[in-house]
Amino acid sequence: MEEAIPSELQSEYKMAYDAFDKTGDQKLTSKELVTILNALFPQKDKAESSKKKEKKLPTEEELNAILEKVGTAEDENGIKYIDFPKFLRLMTILLAEEPTNEEIFEAFRVFDPEKMNAVKTSELRYAFSKLDPRPTDEEVDELIKEFDMEGLGYLKYGDLIKEFEGKIPTPSLEKDKDLSLIHI
């Protein structure tokens, strides 16, 4: 679940939203949205951006998926747009921090009091039952089957983290991507 944006940041986003809302109708079209996102997520060269973790403008595909989740409206001319509350939700999603491998490792350690670098499958099942959205029992069974090959009831979470490294989608910008083609 997304965290709420602090009110002072909401005010800043409202000023930016209003500044890029060319018609003043409180509706950002796809062209206006691309312009504001380019302003909010300036792209640095690779050498500079690799020095520190910074947010990147999502690809067209990633943004369209997020916009589908956020929802868009359509005006009388069939032009899709987002209003300010949906823009705030979009920003919440775009600014969400992805956990680092170290943070994931530390989260697993909560279930590993003996510090064996392994977690009991029963503890893993319990942890998954508290997630939102909750994976199905079949998905959890498949994960356990894949990583508890010896059937001992433990998973080495280092192996699990390595397996999923880089498979969690994070916003990125593909070089030379024409962002004016983003459809909302």
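Just so you know, the residues in each chain are numbered from 1, in the order the chain's sequence is written. Totals for whole chains, interfaces and linings use all residues, but because this is a predicted model, local features are given only for residues with pLDDT of at least 70 and pairs of side-chain atoms are given and counted only at 80 or more. Values shown for side chains rest on all heavy atoms present in the structure; no hydrogens or waters enter the calculation.

Draft legend 1. Expanded view of the pattern of salt bridges. For this document, the term salt bridge refers to a Lys or Arg side-chain nitrogen within 4 Å of an Asp or Glu carboxyl oxygen. What the rule picks out here adds up to three salt bridges. Note that Asp18 is salt-bridged to Lys14, the shortest N-O span being 3.1 Å. Of this pair, Asp18 and Lys14 both sit in helix H1 (residues 7–20), four residues apart, which is roughly one turn of the helix. Exposure is judged per residue with a 1.4 Å probe applied to protein chains only, and the accessible area is read against the type maximum: over 50% gives exposed, under 20% gives buried, and values in between give partly exposed. By relative accessible area, Asp18 is classed as partly exposed at 35%. Where Arg125 meets Asp141, a salt bridge forms, and the shortest distance between an N and an O atom there is 2.7 Å. Taken as a pair, Arg125 in helix H7 (residues 121–129) and Asp141 in helix H8 (residues 137–147) lie far apart in primary sequence, 16 residues in all. Counting from the N terminus, the helices are the DSSP runs of H or I reaching at least four residues and the strands are the DSSP runs of E reaching at least two.

Draft legend 2. A look at the nonpolar core. Grouped together as the largest cluster of nonpolar side chains are 22 residues, with contacts concentrated most on Leu28, Leu33, Ile36, Leu37, Phe87, Leu90 and Met91. The biggest single contributor to this core is helix H5 (residues 84–95), with seven residues. Leave out the neighbours within four places in its chain, and Leu90 touches Leu33, Leu63, Ile66, Leu67, Val70 and Ile82. Take the buried Ala, Val, Leu, Ile, Met, Phe, Trp, Tyr and Cys residues and link them wherever side-chain atoms come within 4.5 Å; each set so joined is a nonpolar core. The contact definition used throughout considers only heavy atoms, calling two residues in contact when any of these lie within 4.5 Å.

Draft legend 3. How the structure looks around unusual backbone geometry. Even without being glycine, Gln26 reaches a positive phi, approximately 60°. With respect to the helices, strands and loops of the structure, Gln26 is situated in the loop between H1 and strand E1 (28–29). Phi at Asn117 takes a positive value of approximately 60°, unusual for a residue other than glycine. With respect to the secondary-structure elements, Asn117 resides in the loop between helix H6 (101–109) and strand E4 (118–120).

Draft legend 4. Spotlight on the packing of aromatic side chains. Note on aromatic pairs: the rings of Phe, Tyr and Trp (six-membered ring only in Trp) are paired at centre separations within 6.5 Å, and the planes decide the class, stacked below 30 degrees, edge-to-face beyond 60, tilted for the rest. Taken as a whole and assessed by the stated rule, the structure comprises six aromatic pairs. With a centroid separation of 6.3 Å and 90° between ring planes, the pair formed by Tyr13 and Phe87 is classed as edge-to-face. Placement of Tyr13 in helix H1 and of Phe87 in helix H5 is noted, with a sequence separation of 74 residues between them. Considered together, Tyr13 and Phe87 belong to a single accessibility category, that of buried residues. Consider the rings of Tyr17 and Phe87, whose centres lie 5.4 Å apart with planes at 50°: the pair is tilted. Here Tyr17, found in helix H1, pairs with Phe87, found in helix H5; they are 70 residues apart in sequence, far enough to count as distant. Residue classification places Tyr17 among the buried residues on the basis of a relative accessible area of 0%. Residue Phe87 is classed as buried on the basis of its relative accessible area, which comes to 0%. Every member of this aromatic cluster is reached through a ring pair, and the members are Tyr13, Tyr17, Phe84 and Phe87. A ring is considered to have a charge above it if a Lys NZ or an Arg CZ atom is located within 6 Å of its centre and within 35 degrees of its normal. Directly above the aromatic system of Phe84 lies the positively charged group of Lys14, at a separation of 5.0 Å from the ring centroid.

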